[in-house]
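If you want the building blocks of each chain, they are given just below.
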Amino acid sequence: MNYLDFYKLNEEPFSSAPDIKFYYNSAQHSKALVRLMYAVDSMKGLALLIGDIGTGKTTLARRMLDSLPEEEYESALLVIIHSGITADWLLRKIAMQLGIAEPSENKIALLSQLYERLNELYEQHKKAVVLIDEAQMLRTKEMMEEFRGLLNLEAPDRKLITFVFFGLPEIEENLLLDSPLAQRVALKYRLESFNYESTEAYVKHRLGLAGSKDEIFAPEAVEKIHAYSKGIPRMINIISSNALFEGFLVKAKIIEGKIIDSVVADLGITGEQAEQKAVTGPAEAVDEPFIVESVQQGAVQAPVMQEVAQPRQKPAASPQAPRQVQDAQRQADIKPKPKKQEDQDEIDSILDKLEKGG
Ligand SMILES: Nc1ncnc2c1ncn2[C@@H]1O[C@H](COP(=O)(O)OP(=O)(O)O)[C@@H](O)[C@H]1O
Ligand SMILES: [Mg+2]
């Protein structure tokens, strides 16, 4: 008997993959999604979704891609897994995602191909939307200028392309490499960690989807999971999956608070470290941190960026946390830049109406 049988589960409830099957529409995620959907629906140009490691940005990006109806959007999700990519390379990738079969090697020709394609999509009443995950890895001025160039392409009534950047708060510093681009951010939302109610519902949701019919975690255990994880979903998963395994070893049908204490002690998590651990994943899956060189050497056609484009049958595997991400985590929080207030006010009032069902 393994722990899944012991707890009558059909599958691992707290897997670390950002699998949208397990998506839980927490208050935090739902608010973010409504805003981002509004930004792309009205083709605002550039929207940002920032959040600390493990808060669920990648999960949200995938969920968002899935929520964009194909009749209405030409959409793609690009995951940057390498900070060394060039602006030209990225432009070509975007062109391919938007349906340009043979993007030109010549920059000027490529831009005109893109412009034509974007106009064509506009005429077909389709919105070109590119979601970019791990966008904090785009960090050259040249890259930022390229985005600004694309955002300058407009039809009389709207932008021809909208980008949503998902990533760590340091994205905002990178945007400042080109301050006119930073000023074009039409919407910014920070994904916060779960409050207690969300943590509790999240744990239940995942257990339910994995087939559990009984309460497995005692209320006190859930409180401890929330406290130790600080409401960061990745940490909740790590602690909960280890707790299930530990509970199985000691044959506890109900997992009490003391099991959580002992698991957390074994994982070496003490408050501050919780966020660090969130980077490396569950204890049993000893992940090697992603090293840029190994990608380049590993395969002849090493991918420097993963793509999850429509059709969406084959979601790409989650990239392991890169070194840079870990370093970024240690940095102090970056102050939010003043946003374009009118845009934000307009969005907030529309959203209030939407949320009130008006
Ligand atoms: N809303 C959610 N519903 C279900 N699982 C989530 C949710 N948010 C985060 N997770 C889980 O938490 C972990 C970290 O999420 P991820 O999206 O990779 O975070 P980030 O990209 O911000 O580092 C993943 O295992 C993911 O499945
Ligand atoms: Mg991520």
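Calculation notes
- Residues numbered from 1 in each chain as written.
- Chains lettered and ligands numbered in written order.
- Predicted model: local features only at pLDDT ≥ 70, side-chain atom pairs only at ≥ 80, totals over all residues.
- Helix = DSSP H or I, 4+ residues; strand = E, 2+ residues; numbered from the N terminus.
- Buried ≥ 20, exposed ≤ 12 C-beta atoms within 10 Å, placed from the backbone.
- Contact = placed C-beta atoms within 7 Å.
- Axes fitted to C-alpha atoms, helices over the stretch in contact; angles between N-to-C directions.
- Parallel < 35°, antiparallel > 145°, perpendicular 65-115°, else oblique.
- Left-handed = near helix turned anticlockwise from the far one by under 90°.
- Nonpolar A, V, L, I, M, F, W, Y, C, P; charged D, E, K, R; others polar.
- Pairing = 2+ DSSP bridges.
- Near = placed C-beta within 6 Å.
- Domains from an automatic or database assignment.
- Core = buried A, V, L, I, M, F, W, Y, C linked by C-beta atoms within 7 Å.
- pLDDT = per-residue confidence, 0-100.
- Arc of directions from axis to C-beta.
- Expected span 1.5 Å × (residues − 1).

Side note on the overall build of the protein chain
The helix and strand tally for the protein chain stands at 16 helices and 6 strands. Per-residue burial for the protein chain yields a buried fraction of 39% across its 358 residues. When contacts within the protein chain are restricted to residue pairs at least 6 apart in sequence, long-range pairs at least 24 apart make up 81% of them.

As for the packing of helix α11 (residues 233-249) against helix α12 (residues 257-267)
Packing of α11 against α12 leaves a shortest axis separation of 9 Å and a crossing angle of 115 degrees. In terms of their interaxial angle, α11 and α12 are classed as roughly perpendicular. Regarding α11 and α12, the two cross each other, and that crossing is right-handed. Note on element contacts: α12 touches α11 through I259, I260, S262, V263, V264 and L267, opposite I238, I239, N242, A243, E246 and G247. Residues belonging to the contact of α11 with α12 are distributed by class as follows: 8 nonpolar, 3 polar and 1 charged.

Points about the pairing of strand β3 (residues 127-133)
One face of the sheet, then the other: side chains in a regular strand alternate in exactly this way. Among the 7 residues that make up β3, 7 are buried, leaving the element largely enclosed by the rest of the structure. Residues of β3 alternate between two faces, with K127, V129, L131 and D133 on one and A128, V130 and I132 on the opposite face, all of them buried. The pairing of strand β2 (residues 73-80) with β3 spans 7 bridges and is classified as parallel. Directly across from A76, in β3, lies its bridge partner V130. Where β3 and strand β4 (residues 161-167) come together, 6 bridges link them in parallel fashion. Counted as the bridge partner of V130 is F163 from β4.

Considerations on the environment of K258
Turning to its location among the elements, K258 is positioned in helix α12. You can call K258 partly exposed: it has 13 C-beta atoms within 10 Å. Each C-alpha atom of the pair K258 and A243 lies 10.0 Å from the other, and the pair is 15 residues apart in sequence.

Some points on the site of ligand 1
Near ligand 1 there are 19 residues, and of these G56, K57, T58, T59 and P233 occur at the shortest range. For the shell around ligand 1, the elements supplying multiple residues, two or more each, are α3 (57-67) and α11. For the shell around ligand 1, the residue count by class is 6 nonpolar, 10 polar and 3 charged. Per-domain counts for the shell around ligand 1 show at least three residues from each of domain 1 (3-18 + 194-280) and domain 2 (27-192 + 301-350).

Looking at the nonpolar core
In terms of nonpolar packing, the biggest core is built from 56 residues, with L36, L49, V130, L131, I132 and V164 touching the most fellow members. Setting aside residues no more than four positions away along its own chain, V164 makes contact with L36, A39, V40, A47, L49 and L131.

Points about unusual backbone geometry
Of note in the backbone geometry, M43 takes a positive phi value of approximately 45 degrees without being a glycine. At K251, a position not held by glycine, the phi torsion is positive, near 55 degrees. Structurally, K251 is set in the loop between α11 and α12. With 7 C-beta atoms packed within 10 Å, K251 lands in the exposed category.

Quick word on the environment of Q113
Structurally, the position occupied by Q113 is in helix α5 (residues 107-123). Between the C-alpha atoms of Q113 and E102, which are 11 residues apart in sequence, the distance is 9.4 Å. In this structure Q113 touches A95, I100, P103 and S104, once residues within four positions along its chain are discounted.

Regarding the confidence of the model for the protein chain
On average, the protein chain scores 81 in pLDDT, and the residues at 70 or more come to 75%. Confidence over residues 274-305 falls short of pLDDT 50; this stretch has 60 contacts with residues more than four positions distant or in other chains. Between residues 307-340, whose pLDDT stays under 50, and residues either more than four places distant or in other chains, the model counts 67 contacts.

Quick look at the pairing of strand β5 (residues 185-191)
With respect to burial, β5 is a largely interior element, 6 of its 7 residues being buried. Judged from the 6 bridges that link them, strand β1 (residues 46-51) and β5 form a sheet pairing that is parallel. The residue of β5 that forms the bridge with G51 is L191.

Points about helix α6 (residues 141-151)
Residues of α6 that are buried include every one of M143, M144, E146, F147, L150 and L151, and no others. Down the axis of α6, the buried side of the element spans an arc of 155 degrees, and every buried residue falls inside it. The elements touched by buried residues of α6 are β1, α4 (87-97), β4, α7 (171-175) and α8 (179-183).

With respect to α11
For α11, built from 17 residues, the straight-helix expectation of 24 Å at 1.5 Å per residue is met to within 8% by its first-to-last C-alpha distance of 24 Å. With 13 of 17 residues buried, α11 lies mostly within the body of the structure. One or two steps after α11, the chain reaches K251, where phi turns positive at roughly 55 degrees.

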